Amino acid sequence: MAEFMVVVADPEAGDSHQFDVEGQDANRFLGRDLGDEVDGAAVGLDGFTLELTGGSDKAGRPMHPKVPGGNLKEILAEDVDIGFKESRPGERKRVTVRGREINEETVQINAKVVSGDGSVADALAGDDDEADEE
């Protein structure tokens, strides 16, 4: 059974929120690629649309949008590539990254809000109020 930590960024407010997702909600992410849009209901944000922007596996290897599938791959990375920061100009290095498809090996998924009604903070505050009433 899949289990993910989903980090949702709100570009308008400039903040981010973490959600632990498991079970049926986690299955909504399996097989999706980076850049795909998903319904925010999977993380409790009804009425919002999320765009998948990145992620990492259990060893901390980043997902790379140019690598197909969900397997590990070694790439020759430059400064513009994800997972590598050059220490001197023109440096390149072979690094291991994970493909752009979300699978069972993925632990963290990064997403951003692309559309929705209101603000994310207000939507989450409404969920807290409902939990307090019970």
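Here, the structure is the one placed above.
These numbers come from a predicted model, not from an experiment.

Moving on: the overall build of the protein chain. Within the protein chain, the regular secondary structure consists of two helices and seven strands. Ordering the α and β elements of the protein chain from the N terminus gives β-β-α-β-β-β-β-β-α. By principal-axis analysis of the C-alpha atoms, the protein chain measures approximately 55 × 35 × 20 Å. Counting over 134 residues, the protein chain shows a buried share of 34%.

Let's shift gears to the sheet that holds strand β3 (residues 37–39). Spatially, β2-β1-β7-β4-β3 is the arrangement adopted by the five strands of the open sheet, whose pairing is mixed. The sheet terminates laterally at β2 (15–22) and β3, the two strands that pair on one side only. Ignoring strand direction, the axes of neighbouring strands in this sheet form an average angle of 35°. Pairing between strand β1 (residues 3–10) and strand β7 (residues 106–116): five bridges, direction parallel. Its bridge partner lying in β7, V6 is registered against I109.

Following the criterion strictly, the structure yields six salt bridges and no others. The salt bridge involving R61 is made with D57; its shortest N-O contact spans 2.8 Å. The residue K58 makes a salt bridge to E105 at a minimum N-O spacing of 3.5 Å. Here K58 is found in the loop between β4 (48–57) and β5 (72–77), whereas its partner E105 is found in the loop between β6 (93–98) and β7, with 47 residues between them in sequence. Each of D57, R61 and R98 takes part in salt bridges that share partners, so that together they form one network.

For soluble globular proteins, the rule of thumb is that nonpolar side chains tend to be buried together. Residues F4, V6, V8, F29, V43 and L45 are the most contacted members of the largest nonpolar core, which totals 23 residues. Only β1, β2, β4, β7 and α2 (120–133) provide two or more residues apiece to this core. Filtering out sequence-adjacent residues up to four positions away, F4 remains in contact with F19, D20, V21, A26, F29, L30, I102, N103, T106, V107 and I109. Core analysis: the next-biggest nonpolar cluster, separate from the first, contains six residues, V67, I75, V95 and V97 among them.

Definitions and cut-offs
- Residues numbered from 1 in each chain as written.
- Predicted model: local features only at pLDDT ≥ 70, side-chain atom pairs only at ≥ 80, totals over all residues.
- Heavy atoms only, no water.
- Helix = DSSP H or I, 4+ residues; strand = E, 2+ residues; numbered from the N terminus.
- Buried < 20%, exposed > 50% of the residue type's maximum accessible area, 1.4 Å probe, protein only.
- Pairing = 2+ DSSP bridges.
- Axes fitted to C-alpha atoms, helices over the stretch in contact; angles between N-to-C directions.
- Salt bridge = Lys/Arg side-chain N within 4 Å of Asp/Glu carboxyl O.
- Core = buried A, V, L, I, M, F, W, Y, C linked by side-chain atoms within 4.5 Å.
- Contact = heavy atoms within 4.5 Å.

Without other data, these values stay purely geometric and don't point to any function.
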